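Spelled out from the first residue to the last, the chains are:
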Amino acid sequence: NFRCRSAFKLLEIDDKFKVLQPGHSVVDCGAAPGAWSQVAAQRVNAAGTDPELPRGTVIGIDLLNIPPLDGAYFLSSHDVTDPSTHTKLLELLPNHQAHVILSDMAPNASGFQAMDHEKLIVMCLSLIDLAEKILRPGGSLLCKYWDGILAHKLQEKLSSVFSSVRTLKPNASRKDSAERYFLARTYRKPAK
Ligand code: SAM
């Protein structure tokens, strides 16, 4: 039983692209109420449900409260874009590194599509800074965005640090919505 229908989007993407593997460390950005974290916890074996498989880690972050979940560690009332959140994540992650960053974050919609689009793109761009701090080389980033004029900018930025970037529109995402996902794979940490 999932906390939210959004779970089916992540299940669909992960069934196809196998982003989440047992033993992985996952950071789930914009995690409330916790459905993606439920999926991630299952797929990385974060609760140790299968003793034969390596046990992974799921850390969820949200401005809102995230009800507790077996196998997950939640930073409620935390802003993903705040550098102090990045510092906490570094302390919590095994080896200070994540294999996967997930983001289903969304700003409160103002109703002005262009403005909401831009806000979400800026939030997604901040994930690239987060990746530089916590994502291990070879890692993946899956982020939701709303399509619009700045989407290519985000795609370009992602392409500059990941070997492959694809645009996804899961079947579970409403056909008439601007919602899309970028799946960026094989992180190449930029040289300082
Ligand atoms: N993936 C979640 C699930 O499956 O349960 C649903 C996520 S919901 C669509 C988007 C979430 O992003 C909201 O809970 C919102 O509070 C959160 N959010 C928006 N901006 C954020 C920020 N700067 N830092 C952390 N969370 C944020």
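We now turn to the structure provided with this report. Since the structure is predicted, the reported quantities are computational estimates derived from the model, not experimental observations.

Observations regarding the overall build of the protein chain
Here comes step 1: When you go through the protein chain residue by residue, the secondary structure sums to five helices and seven strands.
Here comes step 2: Walking the protein chain from its N terminus toward its C terminus, one meets helices and strands in the order α-β-α-β-β-α-β-α-β-α-β-β.
Here comes step 3: Taking 192 residues into account, the globule formula puts the C-alpha radius of gyration at 16 Å, and the protein chain, at 15 Å, falls close to it.
Here comes step 4: Projecting the C-alpha coordinates of the protein chain onto the three principal axes gives extents of approximately 45 × 45 × 30 Å.
Here comes step 5: Here the protein chain holds 192 residues, and 48% of them are scored as buried.
Here comes step 6: Contacts in the protein chain between residues far apart in sequence, at least 24 positions, make up 66% of those at least 6 positions apart.
Here comes step 7: A total accessible area of about 9700 Å² is found for the protein chain, and carbon and sulfur atoms account for 52% of it.

Re the layout of surface pockets
Here comes step 1: Taken as a whole, the largest pocket spans an internal volume of roughly 390 Å³.
Here comes step 2: Lining the largest pocket we find 17 residues, and of these Asp62, Leu63, Met105, Ala106 and Met123 sit closest to its centre.
Here comes step 3: Looking at side-chain class alone, the lining of the largest pocket contains ten nonpolar, four polar and three charged residues.
Here comes step 4: There is about 150 Å³ of room inside the second largest pocket.
Here comes step 5: Looking at the second largest pocket, the residues that line it are Arg5, Ser6, Lys9, Ala172, Ser173, Arg174, Ser177 and Glu179.

A few points about the pairing of strand S5 (residues 135-146)
Walk down a regular strand and you will see the side chains alternate between the two sheet faces.
Here comes step 1: The buried count for S5 comes to nine of twelve residues, which makes it a mostly enclosed element.
Here comes step 2: Where strand S4 (residues 98-103) meets S5, five bridges bridge the pair, whose relative direction is parallel. Each bridged residue has a counterpart across the sheet, and for Leu102 the counterpart in S5 is Leu142.
Here comes step 3: Note that the unit made of S4, helix H4 (residues 113-134) and S5 has a crossover that is right-handed.
Here comes step 4: Here S5 pairs with strand S7 (residues 179-187) via six bridges, running antiparallel.

Rules behind the numbers
Residues numbered from 1 in each chain as written. Predicted model: local features only at pLDDT ≥ 70, side-chain atom pairs only at ≥ 80, totals over all residues. Heavy atoms only, no water. Helix = DSSP H or I, 4+ residues; strand = E, 2+ residues; numbered from the N terminus. Rg over C-alpha atoms; globule rule 2.2 N^0.38 Å. Buried < 20%, exposed > 50% of the residue type's maximum accessible area, 1.4 Å probe, protein only. Contact = heavy atoms within 4.5 Å. Areas by Shrake-Rupley, 256 points an atom, 1.4 Å probe, with all protein chains shown as cover. 1 Å grid on protein atoms, 1.4 Å probe; cavity = no way out; pocket = protein on both sides within 12 Å on 5 of 7 lines; lining within 4 Å. Points joined across faces, edges and corners; volume = space filled by probe spheres on them. Nonpolar A, V, L, I, M, F, W, Y, C, P; charged D, E, K, R; others polar. Pairing = 2+ DSSP bridges. Right-handed = clockwise from strand over helix to strand, strands pointing away.

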